[in-house]
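Fold and contact review
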Amino acid sequence: MRNKFLIVSFLFFSLPVLADLPLTIEDLITDKGKLKLDMSLAYTNSERDGLETAGPLVVQTGATSFVTLPTKIGELKSNTDVLIATVGLRYGLTSNAEIYTRASYLYRDNRSSGLSGIEDETTDQLVDSWLGLNYQFSQDNETPALLGFVEVALYEKHIKDTSSGESTLFGMTTYRAIDPIVLSLTTAYRWNQARDDGDISYQPGNYLLINPSLAFAVNDRVTLTGGLQWINKKEDRYNG
């Protein structure tokens with residue numbers, strides 16, 4: 001089987017995760033009593049050529065967040081356009097803590113050809129929503145700053161059914177600012193429990209993510225960022 005992927009993301013506001021550090025580090029946590037709006041748009045084109053038994057498409061919507069889209073079993077050749085819009089809202093509880101929520105909406109156009117002929121299938125639906133908490137344990141002073149976050153899935157759409165409270169993600173971000181450079185490291189682990197999807201038991205694979213990055217403030221308006229991302233994801237399980 002041959003796979004080709006093209007992923008493009010457009011960020012209109014900062015994502016509700018901590019790996020993409022803003023120019024002003026103090027803006028990582030929303031001020032107490034204030035609201036912030038987050039928006040992002042991700043586009044993916046996937047071309048698959050060959051016989052598949054199961055090949056879920058994973059689209060990254062944030063520094064530590066992913067949407068898993070199941071594909072049909074037995075497709076011989078397909079080309080899929082996926083557009084995912086994510087909207088989030090953050091509220092400052094204290095000077096060191098904020099609560100946030102986000103939801104992602106999917107539009108997918110899948111064109112496939114096989115023994116049954118040519119098919120064109122379009123899908124648009126809400127794919128997931130999450131509730132999370134960010135907390136800043138320490139500032140960047142004598143020691144690097146340390147922030148922790150945890151989020152729980154309020155809603156996840158699968159092939160036939162939906163689930164709630166079956167996925168949890170928790171992690172931490174540490175950073176050190178050495179003007180005009182910011183060094184950061186984000187680690188996260190997502191734990192998925194088994195859930196029913198139609199007449200089968202489905203358990204998405206857990207994953208561990210490590211993301212070191214570097215930001216260079218060119219001036220008060222422009223920041224250059226770069227980094228690496230490593231993911232270890234376990235297999236998805238169907239009926240064990």
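A short tour of the structure in this document, coming up. (Residues numbered from 1 in each chain as written. Predicted model: local features only at pLDDT ≥ 70, side-chain atom pairs only at ≥ 80, totals over all residues. Heavy atoms only, no water.)

A cis amide bond links Asp179 with the next residue in sequence, Pro180, at an omega value of 5°. Note on placement: Pro180 falls in the loop between strand 10 (167–178) and strand 11 (181–192). (Helix = DSSP H or I, 4+ residues; strand = E, 2+ residues; numbered from the N terminus.)

This paragraph deals with the pairing of strand 10. Pairing between strand 8 (residues 145–157) and strand 10: eight bridges, direction antiparallel. For Val150, the partnering residue across the bridge sits in strand 10 and is Phe170. In the sheet, strand 10 pairs with strand 11 via 12 bridges, with the strands oriented antiparallel. Among the inter-strand pairings, Phe170 is bridged to a residue of strand 11, identified as Tyr189. Taking the residues that link successive antiparallel strands as the turn, the strand 10-strand 11 hairpin has two residues. (Pairing = 2+ DSSP bridges.)

With that out of the way, let us pick up the pattern of salt bridges. It is possible for side chains bearing opposite charge to pair when their charged atoms get close. Counting across every chain of the model gives 11 salt bridges. When the shortest N-O distance is used, the salt bridge between Asp38 and Arg90 registers 3.2 Å. Here the residue Asp38 occupies a position in strand 2 (residues 35–49), and Arg90 occupies one in strand 5 (residues 77–92), the gap between them amounting to 52 residues. No difference in accessibility class separates Asp38 from Arg90, as the two residues are buried. Between Asp236 and Lys233 there is a salt bridge whose closest N-O contact spans 2.9 Å. Overlapping salt bridges, with partners in common, bring together Asp38, Arg90 and Glu98 in one network. (Salt bridge = Lys/Arg side-chain N within 4 Å of Asp/Glu carboxyl O. Buried < 20%, exposed > 50% of the residue type's maximum accessible area, 1.4 Å probe, protein only.)

Here three strands make up an open sheet; going across it, the order is 12-13-17 and the pairing antiparallel. Looking at which strands have only one partner, the edges of the open sheet turn out to be strand 12 (195–197) and strand 17 (237–238).

For Tyr135, the location among the structural elements is in strand 7 (residues 117–138). Separated by 15 residues in sequence, Tyr135 and Val150 place their C-alpha atoms 9.0 Å apart. Not counting residues within four places of it along the chain, the set of residues in contact with Tyr135 comprises Asn96, Ala97, Leu146, Leu147 and Gly148. (Contact = heavy atoms within 4.5 Å.)

So, on to the packing of aromatic side chains. For the coordinates displayed, the defined rule picks out three aromatic pairs. Summarising the aromatic geometry, the rings of Tyr135 and Phe137 are spaced 5.0 Å apart at their centres and angled 70° between planes, so their arrangement reads as edge-to-face. Classification of Phe137 by relative accessible area gives exposed; the value is 57%. (Phe/Tyr/Trp six-rings, centres within 6.5 Å; stacked < 30°, edge-to-face > 60°.)

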